[in-house]
Each structure stands twice: as C-alpha cells, then as structure tokens.
Amino acid sequence: MSDEALLLERLTGIRRRIAAACDRAGRDPASVALMAVSKGHPASAVSTLAGIGQTLFGESKVQEAKAKIPGCPAVARWHMIGHLQTNKARDAVRLFSMIQSVDSLRLAQEIDAAAEKAAKTMPILLEVNVAGESSKFGYSPEKVLAEFMAINALRRLEIHGLMTIAPWGPATEKARAVFRRLAELRRRCEGVLGAPLPVLSMGMSGDFETAIEEGATLVRVGTSLFGERVYTRTGGVDEDP
Ligand SMILES: *Cc1c(COP(=O)(O)O)cnc(C)c1O
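Let me begin by describing the structure that accompanies this report. All of these numbers come straight from a predicted model, not from anything done at the bench.

This part is about the pairing of strand S5 (residues 122-127). Burial of S5 is extensive: 6 of the 6 residues sit out of reach of the surface. Covered by surrounding structure in S5 are Met122, Ile124 and Leu126 together with Pro123, Leu125 and Glu127, the residues of both alternating faces. Two elements, strand S4 (residues 98-102) and S5, share 2 bridges in a ladder whose sense is parallel. Residue pairing across strands places Val102 opposite Leu126, the latter belonging to S5. Note that S5 and strand S6 (residues 157-163) share 6 bridges and pair parallel. When the sheet's bridge partners are listed, Glu127 is paired in S6 with Met163.

Around the ligand sit 13 residues in total, of which Lys39, Ser205, Gly222, Thr223 and Arg229 are the nearest. At a separation of 2.5 Å, an oxygen atom of the ligand approaches a polar side-chain atom of Thr223. Contact distances for the ligand include 2.8 Å between an oxygen atom and a side-chain N or O atom of Arg229. Here the shell around the ligand is composed, by residue class, of 5 nonpolar, 3 polar and 5 charged.

Another point: the packing of helix H6 (residues 141-152) against helix H7 (residues 172-193). Helix-helix packing: each pair is described by the crossing angle between the helix axes and the interaxial distance. The N-to-C vectors of H6 and H7 enclose an angle of 35°; their axes lie 10 Å apart at closest approach. Remark: the crossing between H6 and H7 carries right-handed chirality. Residue-level contacts link Pro141, Val144, Leu145, Phe148, Met149 and Asn152 of H6 to Arg181, Leu185, Arg188, Cys189, Val192 and Leu193 of H7. Here the contact of H6 with H7 is built from residues that sort into 9 nonpolar, 1 polar and 2 charged.

The next point concerns the side chain of Ser38. Assignment of secondary structure puts Ser38 in the loop between strand S1 (33-37) and helix H2 (43-51). In contact with Ser38, not counting residues within four places along its chain, are Val46, Phe57, Gly58, Glu59, Glu64, Lys68, Trp78 and Phe226.

Attention now moves to the pattern of salt bridges. Here the idea is simple: oppositely charged side chains can pair when their charged atoms come close. Applying the stated criterion across every chain, the model contains 14 salt bridges. When the shortest N-O distance is used, the salt bridge between Arg94 and Asp91 registers 3.4 Å. Taken as a pair, Arg94 and Asp91 lie in helix H4 (residues 89-95) at a separation of 3 residues, close to a single helical turn. A network of salt bridges, in which partner residues are shared, links Arg24, Glu173, Arg176, Arg180, Glu213 and Glu214.

This part takes up H6. Taking 1.5 Å per residue as the helical rise, H6 with its 12 residues ought to reach 16 Å, and the 16 Å between its terminal C-alpha atoms agrees with that figure. Residues of H6 that are buried: Pro141, Val144, Leu145, Glu147, Phe148 and Ile151. Each element contacted by the buried residues of H6 is listed here: helix H5 (105-117), S5, S6 and H7.

Before going further, it helps to examine the nonpolar core. Counting 68 residues, the largest nonpolar core has Ile111 and Leu126 as its most contacted members. Counting residues per element, this core draws most heavily on H7, which supplies 7 residues. The residues touching Ile111, leaving out its near neighbours within four places in the chain, are Leu84, Ala89, Val93, Ile99, Val102, Met122 and Leu157. By size, the runner-up hydrophobic cluster in this structure holds 9 residues, among which are Leu56, Met163, Val199 and Leu218.

Further remarks concern unusual backbone geometry. The phi dihedral of Ala119 is positive, around 55°, even though this residue is not glycine. Tracing the backbone shows Ala119 in the loop between H5 and S5. Take Ala119: its relative accessible area is 58%, and that puts it in the exposed class.

Calculation rules
Residues numbered from 1 in each chain as written. Predicted model: local features only at pLDDT ≥ 70, side-chain atom pairs only at ≥ 80, totals over all residues. Heavy atoms only, no water. Buried < 20%, exposed > 50% of the residue type's maximum accessible area, 1.4 Å probe, protein only. Helix = DSSP H or I, 4+ residues; strand = E, 2+ residues; numbered from the N terminus. Pairing = 2+ DSSP bridges. Near = heavy atom within 4 Å. Polar contact = N/O pair within 3.5 Å; in protein donor to acceptor, adjacent residues only side chain to side chain. Nonpolar A, V, L, I, M, F, W, Y, C, P; charged D, E, K, R; others polar. Axes fitted to C-alpha atoms, helices over the stretch in contact; angles between N-to-C directions. Left-handed = near helix turned anticlockwise from the far one by under 90°. Contact = heavy atoms within 4.5 Å. Salt bridge = Lys/Arg side-chain N within 4 Å of Asp/Glu carboxyl O. Expected span 1.5 Å × (residues − 1). Core = buried A, V, L, I, M, F, W, Y, C linked by side-chain atoms within 4.5 Å.

Following this line, the structure appears as structure tokens:
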C-alpha cells in the first residue's frame, strides 16, 4: 500500500471511531477536533495528511517544529503540546497558533511578552497534571484555580481551555477518572472566569474514545495515525512520560 493510501485508511478509521464515540455520548462529531501529532515524523507525512484534509497538527518540541514546519503545506495549523522552556517562548509564538502546554505563571508571562513584541494575540490552554504524576509537567488542579485570573489578566494571551495527559496504560477507568476531573475543573474555571472555556484537550491514541465520552473537544492522536515514532536528527521524539 502507498503511504498515502495507508494514511488515508488510518485517518478514515480514526474519524469513524470518533464518530462512534460521539454517538455513544450523544454528541455531535463536529464538536470534536482531531489533532494529528506529528512529532517523530517527517514533513512528507504531514503533507500527505494535509492533502487528504487533515489540517490540525501538534508538535512537542520547538526545535523539531522549527525544522519541520517550513517544509509543510501552509494550510497546516500547528499547536505546541510539549513542555515549553521560557527561553523558547519567542519561537513558539512565531511557530504555533496555540500553545496547549502552559504550566506556570512565569511561562505565561514570557509568552505574553513575546506575543506583545510580535504584536500577536496568543491562544493558550493550561496544562493540568490531574493525577499528580511526578513524571509529568502541568499544573496541579488547585494551582490552576489559584493562578487562573492572573494569567487571564495578561493582555496578549487568550485562555481557551485546559489540556491533560492521562496516566499511561491499559486501565481505561483510570484514564476516565482523570478526564472526568479535567471536565469538572473546566467548569470550576468557567465559574471563576464567568465565561465559557471552549476547549478540553484530552485523549491520545490509547484513550481518545474514553476522552470523547467524558467531553473532550480536541483529541491528540499520533501513533494510531502515523505509526510508531522514529527518531530524527532534528530532535526526534518527545520525552514521553
Ligand atoms: C505524543 C503526544 C500525543 C500523541 O500520543 P500517541 O499515543 O502517539 O497518540 C498526544 N499528546 C501529547 C501531549 C503528546 O506528547
């Protein structure tokens, strides 16, 4: 099978599974965006997917994104989903249309300053380490609530919602509990803000259907779409927890 046929088959399969999960949850499939996580895969794979209608992509390292994005079709939109160091904020503002991995006030301030310099407004998500895993980045739920309004006050940032990575493993019910807690935290943040937060970014290859059942509006799928990640000279694979 050609690369294009293979990617088309996988993309179609994932869209079908998204639709089925929406059906079970009584949700409109149009309410769930699919992000193709292209870390560890070349620009050629991105181009193929873009050619068959996939336009939202995610990268988890600035270095890799910087090397890859210029070689990809302009129709592709990019989100940063990996841990961001403050000294990379400027590059991130330039490369991405959303930063999903904001996990401290200090980082938010750096992104705000970089966006100010670039005369841009930067949509962001706050990353939450719901299960408190020491191997993962992200806010504790309490700290999100405590710092929410301080981040919201930064003029160049727009908080669109929350993001999380569920504990790895086959235990669906463990992931489900994490997704449910993120959905609940979104409601509490909406209460603090007094306005809706439209984005709940949760669910990856192993658990995106469960995430949709619990309210995900954006699922981030890498392996099930592109296959196993390969290491590249440009930085390769994210240090997955
Ligand atoms: C790598 C990654 C994904 C995709 O993971 P797969 O299991 O390959 O689908 C999703 N979200 C984040 C934050 C990631 O780092």
